[in-house]
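An overview of the molecular structure
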Amino acid sequence: MDKIDILSLSREELTAELTAMGEKAFRAKQIYDWLHVKKVSDFSQMTNISAQLRNMLEEKFCLKSLIIKKRLVSGIDNTVKYLYGLPDGEAVETVLMEYKHGNSLCISTQVGCRMGCRFCASTIAGFVRHLLPSEMLLQIYETERDSGRHVDSIVLMGIGEPLDNFDNVMKFLSLVNSEGEGMSLRHISLSTCGLVDRINELAEMKTGLTLSISLHAATDEKRSSIMPINKKYNLEQLMKACRDYFAKTGRRISFEYSLIEGVNDTEESANELIRLLGGMLCHVNLIPINEIRERDFKKSRYVERFRKRLTDAGINATVRRTLGADINAACGQLRRDDGASEEAVD
Ligand code: SAH
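Residues numbered from 1 in each chain as written. Predicted model: local features only at pLDDT ≥ 70, side-chain atom pairs only at ≥ 80, totals over all residues. Heavy atoms only, no water.

On to the overall build of the chain. Across its full length, the chain carries 12 helices and 14 strands. In terms of overall size, the chain behaves like a compact globule, its C-alpha atoms giving a radius of gyration of 21 Å where 346 residues would be expected to give roughly 20 Å. Projected onto its principal axes, the C-alpha positions of the chain cover 70 × 45 × 40 Å. Each of the 346 residues in the chain was classed as buried or not, and the buried ones make up 53%. Across the chain, the fraction of contacts at a sequence separation of at least 24, relative to all contacts at a separation of at least 6, is 67%. Here the chain contributes 47 positive and 49 negative side-chain charges, whose respective centroids are spaced 3 Å apart. (Helix = DSSP H or I, 4+ residues; strand = E, 2+ residues; numbered from the N terminus. Rg over C-alpha atoms; globule rule 2.2 N^0.38 Å. Buried < 20%, exposed > 50% of the residue type's maximum accessible area, 1.4 Å probe, protein only. Contact = heavy atoms within 4.5 Å. Lys, Arg positive; Asp, Glu negative; His and termini not counted. Charge placed at Lys NZ, Arg CZ, Asp CG, Glu CD.)

Below, the structure is given as structure tokens:
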């Protein structure tokens, strides 16, 4: 029988497992504290638990951990980019960034991605598997341990499409939200390419999450040419889901718009975006596209001009600050380069 992934269990689930083993409920609390507050990486470190119970835990549960395969530290602004090795030998990326309001961690939700966005390195080699709640949580725990810095906010913007791994991501959010990290979901942003049915589900759950929509184009023709998901859920359906999300949760939507030379950075594109978003309470995050080796998309030279056009039309738009410019690699590129030139970490 497969061992149970203990870090993915809620406190209630852990208590039920231990009670079924004939243990008292307070043992579950002690073990939960070791896992999520003291964040030990081995059952043997649980010193107030008897050796006999620790052996029973070893037999029934597995306690996963990540290994640091690469760590790139920016000499400019304290950004740290990790390539974490997973227990089955796969790898994902996690990025720690420093802002005025604290440290923000960008975490991955899948190994690879099946969404097929044309400009994204994470999807080129396709989808491998979903991450478990424990594997998302460990990206926080391991980063805090390694860096000695506290993670104040999280963005689900690394490798993968979070809404394509819905149940595990929801479980992860409830774990982050409970003791241990105890983080309010208001400090968490979830970024999606636009899985409309799941956005509607999320709206009903009223989690308080900030929703970021990867928009990148404001007509169906342009968006479908760079984001295949638009053929399944078009802009009309997506915008309706965004308006409903705001109506139900009161949370303003953030739109990501990566500017690609000659594709979505023209005045015509700006006008299309103004027409699409005009009158909506939202925020637009403009991102100069990260060029990736496998595609010939070029970074736009007109980012500032584009921003001004939006703000002149009354749309709240900012250009995302580039962090870690000296270790800058597009999302998913580090994983693709695994084994290549970057300095390896023991
Ligand atoms: N799948 C989710 C989250 C991961 S991608 C989503 O699509 O939102 C995180 C963000 O980076 C998305 O807005 C995505 O469109 C954007 N992105 C991907 N590749 C990029 C690149 N090469 N340059 C700039 N932004 C990119």
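Now that the structure is up, let's keep going.
All right, on to the site of the ligand then. Close contacts around the ligand come from 16 residues, with Gly160, Ser191, Ser214, His216 and Asn290 the closest. Taking Glu161, its side chain carries an N or O atom lying 3.0 Å from a nitrogen atom of the ligand. Taking 520 Å² as the accessible area of the ligand by itself, protein coverage stands at 93%. Every element with two or more residues in the shell around the ligand is listed here: β10 (188–192) and β12 (253–259). The residue makeup of the shell around the ligand, split by class, is six nonpolar, eight polar and two charged. (Near = heavy atom within 4 Å. Polar contact = N/O pair within 3.5 Å; in protein donor to acceptor, adjacent residues only side chain to side chain. Areas by Shrake-Rupley, 256 points an atom, 1.4 Å probe, with all protein chains shown as cover. Nonpolar A, V, L, I, M, F, W, Y, C, P; charged D, E, K, R; others polar.)

Now for empty space enclosed by the protein. Tallying each qualifying case throughout the model produces one cavity of 30 Å³ or more. Reported here for the largest cavity is a volume of approximately 30 Å³. Broken down by class, the residue content of the lining of the largest cavity amounts to four nonpolar, one polar and two charged. (1 Å grid on protein atoms, 1.4 Å probe; cavity = no way out; pocket = protein on both sides within 12 Å on 5 of 7 lines; lining within 4 Å. Points joined across faces, edges and corners; volume = space filled by probe spheres on them.)

Turning our attention to the environment of Gly89. In this structure, Gly89 sits in the loop between β4 (80–85) and β5 (91–99). Residue Gly89 is classed as exposed on the basis of its relative accessible area, which comes to 53%. Residues Gly89 and Gln110, spaced 21 residues apart in sequence, show a C-alpha to C-alpha distance of 14 Å.

Let us now look at the sheet that holds strand β11 (residues 210–214). Within a sheet, neighbouring strands are paired by backbone hydrogen bonds and run either parallel or antiparallel to one another. The sheet built from 10 strands is open, its strands ordered β3-β4-β5-β6-β9-β10-β11-β12-β13-β14 with mixed pairing. Edge positions in the sheet fall to β3 (67–73) and β14 (317–319), since each of these pairs with one other strand and no more. Looking at each pair of strands side by side, their axes are set apart by 20° on average, direction ignored. Note that β12 and strand β13 (residues 282–288) share seven bridges and pair parallel. Across the sheet, Glu256 pairs through a bridge with Asn285, a residue of β13. (Pairing = 2+ DSSP bridges. Axes fitted to C-alpha atoms, helices over the stretch in contact; angles between N-to-C directions.)

Take helix α4 (residues 133–147) next. With 15 residues, α4 extends 22 Å between its outermost C-alpha atoms, agreeing within 8% with the 21 Å of an ideal straight helix rising 1.5 Å per residue. Burial of α4 is extensive: 12 of the 15 residues sit out of reach of the surface. Those residues of α4 that sit buried are Pro133, Ser134, Glu135, Met136, Leu137, Leu138, Gln139, Ile140, Tyr141, Glu142, Thr143 and Glu144. Positive phi appears at Gly148, one or two residues downstream of α4, with a value of about 70°. (Expected span 1.5 Å × (residues − 1).)

With that settled, the discussion passes to unusual backbone geometry. If a residue is not glycine, its phi is most likely negative; likewise, a peptide bond is most likely trans. Its identity as a non-glycine residue notwithstanding, Asn78 has a phi of 70°, on the positive side. Within the secondary structure layout, Asn78 lies in the loop between β3 and β4. Assessed through its relative accessible area of 38%, Asn78 is described here as partly exposed. You will see that His216, though not glycine, has its phi angle at about 65°, which is positive. Within the element layout of this structure, His216 appears in the loop between β11 and α7 (220–226).

Before going further, it helps to examine the domain arrangement of the chain. For the chain, the domain assignment lists domain 1 (4–62) and domain 2 (67–338). The straight-line distance from the C-alpha centre of domain 1 to that of domain 2 is 34 Å. Summed over the three residues of domain 1 that lose the most area to domain 2, namely Leu7, Ser8 and Lys39, the buried surface amounts to 48% of that side. On the surface where domain 1 and domain 2 come into contact, there are two salt bridges. (Domains from an automatic or database assignment. Buried area = accessible area lost by both parts, 1.4 Å probe. Salt bridge = Lys/Arg side-chain N within 4 Å of Asp/Glu carboxyl O.)

The subject of this paragraph is helix α5 (residues 166–177). Its 12 residues place the ends of α5 16 Å apart at the C-alpha level, agreeing with the 16 Å of an ideal helix rising 1.5 Å per residue. Within α5, burial applies to Phe166, Asn168, Val169, Met170, Phe172, Leu173, Leu175 and Val176. The elements touched by buried residues of α5 are α2 (25–36), β8 (127–130), α4, β9 (153–156), β10 and α6 (196–205).

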